[in-house]
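# Geometric and topological summary
Spelled out from the first residue to the last, the chains are:
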Amino acid sequence: MTASGGAYYRPLAIPPRDAPQEALPLAGTGARWTHAERLSRSAPPQVLPAAAVPAPLRDTICAPRPDLAGVPLDTPRLMGILNVTPDSFSDGGRHFDPSRAMAQARALQEAGAAILDIGGESTRPGASPVPADEEIVRTAPVISALAEADFAAPISIDTRNAPVAEAAFDAGAAILNDVSALTHDPAMADLAARAGAPVCLMHAQGTPETMQKNPRYGDVLLDVYDALAARRDAALAAGVAPGQIVLDPGIGFGKTQGHNMALCAGLSLFHGLGCPVMLGVSRKGFIGVIGDAPIAADRAPGSVALALDAVRQGVHILRVHDVAAHRQALALWQALGGGHP
Ligand code: HH2
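Presented here is a report on the structure given in the accompanying data block. Quantities reported herein were computed from a predicted structural model and do not represent experimental measurements. (Residues numbered from 1 in each chain as written. Predicted model: local features only at pLDDT ≥ 70, side-chain atom pairs only at ≥ 80, totals over all residues. Heavy atoms only, no water.)

What follows deals with the overall build of the chain. Secondary structure assignment for the chain yields ten helices and twelve strands. By the compact-globule yardstick of 20 Å for 341 residues, the chain fits well, its C-alpha radius of gyration being 19 Å. C-alpha atoms of the chain, sized along the principal axes, occupy 55 × 40 × 40 Å. Within the chain, the fraction of its 341 residues that count as buried is 55%. Within the chain, counting contacts between residues at least 6 apart in sequence, those at least 24 apart form 69% of the total. Here the chain displays about 13,400 Å² of accessible surface, and carbon together with sulfur accounts for 55% of that area. In the chain, the 26 positive side-chain charges and the 33 negative ones have mean positions that sit 6 Å from each other. (Helix = DSSP H or I, 4+ residues; strand = E, 2+ residues; numbered from the N terminus. Rg over C-alpha atoms; globule rule 2.2 N^0.38 Å. Buried < 20%, exposed > 50% of the residue type's maximum accessible area, 1.4 Å probe, protein only. Contact = heavy atoms within 4.5 Å. Areas by Shrake-Rupley, 256 points an atom, 1.4 Å probe, with all protein chains shown as cover. Lys, Arg positive; Asp, Glu negative; His and termini not counted. Charge placed at Lys NZ, Arg CZ, Asp CG, Glu CD.)

Not every one of the 17 residues close to the ligand is listed here, only the nearest: S88, S122, T123, D248 and K284. The backbone of G280 places a nitrogen or oxygen atom 3.2 Å from an oxygen atom of the ligand. At a separation of 2.7 Å, an oxygen atom of the ligand approaches a polar side-chain atom of K284. Among the cavities detected, the one that contains the ligand is the largest pocket. Counted by class, the shell around the ligand contains five nonpolar, seven polar and five charged residues. (Near = heavy atom within 4 Å. Polar contact = N/O pair within 3.5 Å; in protein donor to acceptor, adjacent residues only side chain to side chain. 1 Å grid on protein atoms, 1.4 Å probe; cavity = no way out; pocket = protein on both sides within 12 Å on 5 of 7 lines; lining within 4 Å. Sits in = over half its atoms within 2 Å of the grid points. Nonpolar A, V, L, I, M, F, W, Y, C, P; charged D, E, K, R; others polar.)

It is worth spelling out empty space enclosed by the protein at this point. Using the criterion set out here, one finds one cavity of 30 Å³ or more in the structure. Of the pockets and cavities examined, the largest cavity occupies roughly 30 Å³. L68, M79, I175, L176, N177, C200, V246, M278 and I317 together form the lining of the largest cavity. Ranked by residues supplied to the lining of the largest cavity, first place goes to strand β8 (residues 175-178) with three residues. Here the lining of the largest cavity is composed, by residue class, of eight nonpolar, one polar and no charged. (Points joined across faces, edges and corners; volume = space filled by probe spheres on them.)

Attention shifts here to the sheet that holds strand β10 (residues 245-248). Sheet architecture is open: eight strands sit in the order β10-β9-β8-β7-β6-β5-β12-β11, paired in parallel fashion. One side of each edge strand has no neighbouring strand; the edge strands of this open sheet are β10 and β11 (278-279). Helix-sheet contacts for helix α3 (residues 132-148) involve β5 (77-83), β6 (115-119) and β7 (155-158), and the interaxial angle to β6 is about 155°. (Pairing = 2+ DSSP bridges. Axes fitted to C-alpha atoms, helices over the stretch in contact; angles between N-to-C directions.)

Turning to the state of the cysteines, a few remarks are in order. Tallied over the entire structure, the rule returns zero disulfides. Cysteine C275 is unpaired, with the sulfur of C200 as its nearest cysteine sulfur at 10 Å. (Disulfide = S-S within 2.5 Å.)

A separate point is the packing of helix α2 (residues 98-111) against helix α10 (residues 323-335). The N-to-C vectors of α2 and α10 enclose an angle of 5°; their axes lie 8 Å apart at closest approach. As summarised for this structure, α2 and α10 are arranged roughly parallel, according to the angle between their axes. Of the residues in α10, those touching α2 at L108, E110 and A111 are V323, A324 and R327. In the contact of α2 with α10, the residues fall into four nonpolar, no polar and two charged. (Parallel < 35°, antiparallel > 145°, perpendicular 65-115°, else oblique.)

As a volume, the largest pocket reaches approximately 450 Å³. Looking at the largest pocket, it is lined by 30 residues, and the ones nearest its centre are F89, R124, I251, F253 and K284. For the lining of the largest pocket, the residue count by class is ten nonpolar, 13 polar and seven charged.

Counted under the stated rule, the structure contains 14 salt bridges. The partner of R77 in a salt bridge is D74, and the shortest N-O contact between them spans 4.0 Å. Since its relative accessible area comes to 21%, R77 is described here as partly exposed. A relative accessible area of 46% places D74 in the partly exposed class. (Salt bridge = Lys/Arg side-chain N within 4 Å of Asp/Glu carboxyl O.)

Moving on to the nonpolar core. If you look at the biggest cluster of nonpolar residues, it comprises 72 residues, and the most contacted ones within it are L82, L116, I118, L146, L176, F270 and L318. If we skip the residues at most four places from it in the chain, L146 touches M102, A105, L116, I118, F151 and I155. Core analysis: the next-biggest nonpolar cluster, separate from the first, contains 13 residues, L48, A50, V53 and I61 among them. (Core = buried A, V, L, I, M, F, W, Y, C linked by side-chain atoms within 4.5 Å.)

Right, here's the structure in full:
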């Protein structure tokens, strides 16, 4: 929601330990805020007290978010990544075999994943699309086997294709994670509405094949905000329930390093859209560049650093490969009074 005159308000997050009594809650999380940065495309940023934020937007920023497939979002939740692909950028081929996929799913849950995200198509920069039939063969049997084994964490299917999502729902998946925000497959919006399942709408500029070829924005934070608002509204118009939409700025999807950093630094802006916020930075290339870690599996420390800053800003869901490392970091952050008992 933007106020009249094209203004955007980014709540400036404070950990509860440092927050004065009058501080407001941030999207139902432990984070707090007393001031907001007023942003616009035509004027320099200006810091204002929360009382100066238009009341409906202020209420939206503060409000708790509903549970996601039974997972409460009052504390940051880890979504463990399980790529059943031969070619994902950091774990491709490692869990391609169904029994190894099952073992990894259990390991992620034991390590602290509240949600498991299963994908059968790499969307790394330059990746070619995978036929839907192949994506189904990779993902649906693993989801069925987990459902039959009474796997406790809700399963999310990471796909852009409606037949894959449908097969996953039939097999027992509870959440849809679509990196195209329901734009890739014209049948996806209707399927999402019919399924009545929570949907993550992720921002991407372009398609995985070409998205890193010279991505451009006017103001990346505001452009992604507007684009997510439009995708949220399209999902609502298609019949997805308001409490079932999660939004994700899509780190690395048609973004330079500068774009990624601007989105991570300004993440709290997205609370103005009134939905839970998800972030997926785990092991991504820019962490390797800034953190001097050319091998993706060596990027857990940099991933954790960005995750903690996102938690400071009231993020609800962190999509991560290294669940145990994130869980440990969150426990220390919380013990220090960072938020979320
Ligand atoms: N990133 C990837 C895939 N799916 N979904 C959401 N919501 N947010 C993300 O940032 C996101 C995502 C890419 O990471 P990964 O799955 O590890 O790699 P690959 O696409 O190569 O399988």
